[in-house]
Amino acid sequence: MHPQVNIVGIKGIPEVEPGDDLVDLIIQATEAQGTPFQQGDVLVVTQKVVSKAEGRIIKLDDIKPSPTALQFAHEHNKDPRHIEIILQESRHIIRMERGLIISETYHGFKCANAGIDMSNMPDTRTACLLPKDPDASARYIRVSIEKLHDIRVAVIISDSFGRPWRE
């Protein structure tokens, strides 16, 4: 048999909520569509569903902005609570200008807005943070699938990870 790569999307995973068993949701969906895991599969999971399952969701109403966040938000017509979350999730601010923040996260990622994502959230006052430890998250999913199916798989936690300062 010749080497081949097949990409199979997983349909049927419901909206993920904090505390959901993501591994169970993934396995149920793959089995329901007739594509159970096989030896050597590589599972790519979006960062957002991992973050949601792990409870890395924050309500803007619970955030008290710092003076730095208030000033930057005022100068660039931004929500100061969103800016404060970015500051809190950053190890180091690389640049703040033109209404954009480029920072280094505690993971060591250099990205816009510390990876804070407010798109596709249940309401406009909720933000999704990056997983605390994406490597541990991937390892947990991999080990769980391997134990349940007695096969070896790989797991990648993926994000679109836009390019800062693109025009």
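Draft legend 1. Inspection of the packing of helix H3 (residues 67-76) against helix H4 (residues 80-88) at higher detail. Contact geometry of H3 with H4 gives a least axis separation of 8 Å together with a crossing angle of 130°. In terms of their interaxial angle, H3 and H4 are classed as oblique. When the axes of H3 and H4 are compared, the crossing they make is right-handed. Mapping the contact onto sequence places Thr68, Ala69, Leu70, Phe72 and Ala73 in H3 and Pro80, Ile83, Glu84 and Leu87 in H4. Taken together, the residues that form the contact of H3 with H4 break down as seven nonpolar, one polar and one charged.

Draft legend 2. Summary view of the nonpolar core. The biggest cluster of nonpolar side chains holds 17 residues, and the ones touching the most others in it are Leu22, Phe37, Leu43, Val45, Ile141 and Ile145. For this core, the secondary structure elements donating two or more residues are helix H1 (22-32), strand E1 (42-46), helix H2 (47-53) and helix H5 (134-149). Here the element with the most residues in this core is H1; it accounts for five residues. The contact partners of Phe37, leaving out residues within four places of it in the chain, are Ile26, Ile27, Thr30, Leu43, Ile145, His149, Ile151 and Val153. In terms of nonpolar packing, the next biggest core, distinct from the first, is built from 15 residues, Ile58, Ala73, Leu87 and Ala127 among them.

Draft legend 3. Structural detail: unusual backbone geometry. Residues other than glycine seldom take positive phi values, yet Asn113 does so here, at roughly 55°. Given a relative accessible area of 22%, Asn113 falls into the partly exposed group. For Asp150, which is not glycine, the phi torsion reads 55° and is therefore positive.

Draft legend 4. Molecular detail of the packing of H1 against H5. Two elements in contact, H1 and H5, have axes whose closest approach is 10 Å; the angle formed by their N-to-C orientations is 55°. By the criterion of interaxial angle, the relationship of H1 to H5 is oblique. Every pair of crossing elements has a handedness; the one defined by H1 and H5 is right-handed. On H5, the residues that touch Leu22, Val23, Ile27 and Glu31 of H1 are Tyr140, Ile141, Ser144, Ile145, Leu148 and His149.

Draft legend 5. Representation of a nonpolar patch on the surface in the model. A contiguous nonpolar patch, built from Val42, Val44 and Ile156 and spanning about 260 Å² of accessible area, is present on the exposed surface. If you trace the backbone, Val42 turns up in strand E1.

Draft legend 6. Summary view of the sheet that holds strand E5 (residues 110-112). Taken together, three strands build an open sheet; the order of strands is E3-E4-E5 and the sheet is antiparallel. Edge positions in the sheet fall to strand E3 (90-97) and E5, since each of these pairs with one other strand and no more. This sheet shows a mean twist of 25° between the axes of neighbouring strands, independent of strand direction. Examined bridge by bridge, E3 and strand E4 (residues 100-105) share six bridges and lie antiparallel to one another. Considered in E4, the bridge of Arg95 is made with Ile102. Where H4 meets the sheet, its contacts fall on E3 and E4, and the angle it forms with E3 comes to roughly 130°.

Calculation criteria
- Residues numbered from 1 in each chain as written.
- Predicted model: local features only at pLDDT ≥ 70, side-chain atom pairs only at ≥ 80, totals over all residues.
- Heavy atoms only, no water.
- Axes fitted to C-alpha atoms, helices over the stretch in contact; angles between N-to-C directions.
- Helix = DSSP H or I, 4+ residues; strand = E, 2+ residues; numbered from the N terminus.
- Parallel < 35°, antiparallel > 145°, perpendicular 65-115°, else oblique.
- Left-handed = near helix turned anticlockwise from the far one by under 90°.
- Contact = heavy atoms within 4.5 Å.
- Nonpolar A, V, L, I, M, F, W, Y, C, P; charged D, E, K, R; others polar.
- Core = buried A, V, L, I, M, F, W, Y, C linked by side-chain atoms within 4.5 Å.
- Buried < 20%, exposed > 50% of the residue type's maximum accessible area, 1.4 Å probe, protein only.
- Patch = residues over 30% accessible without salt bridge, like charges linked within 9 Å, V, L, I, M, F, W, Y side chains within 5 Å.
- Areas by Shrake-Rupley, 256 points an atom, 1.4 Å probe, with all protein chains shown as cover.
- Salt bridge = Lys/Arg side-chain N within 4 Å of Asp/Glu carboxyl O.
- Pairing = 2+ DSSP bridges.

None of this, on its own, says anything about what the molecule does.
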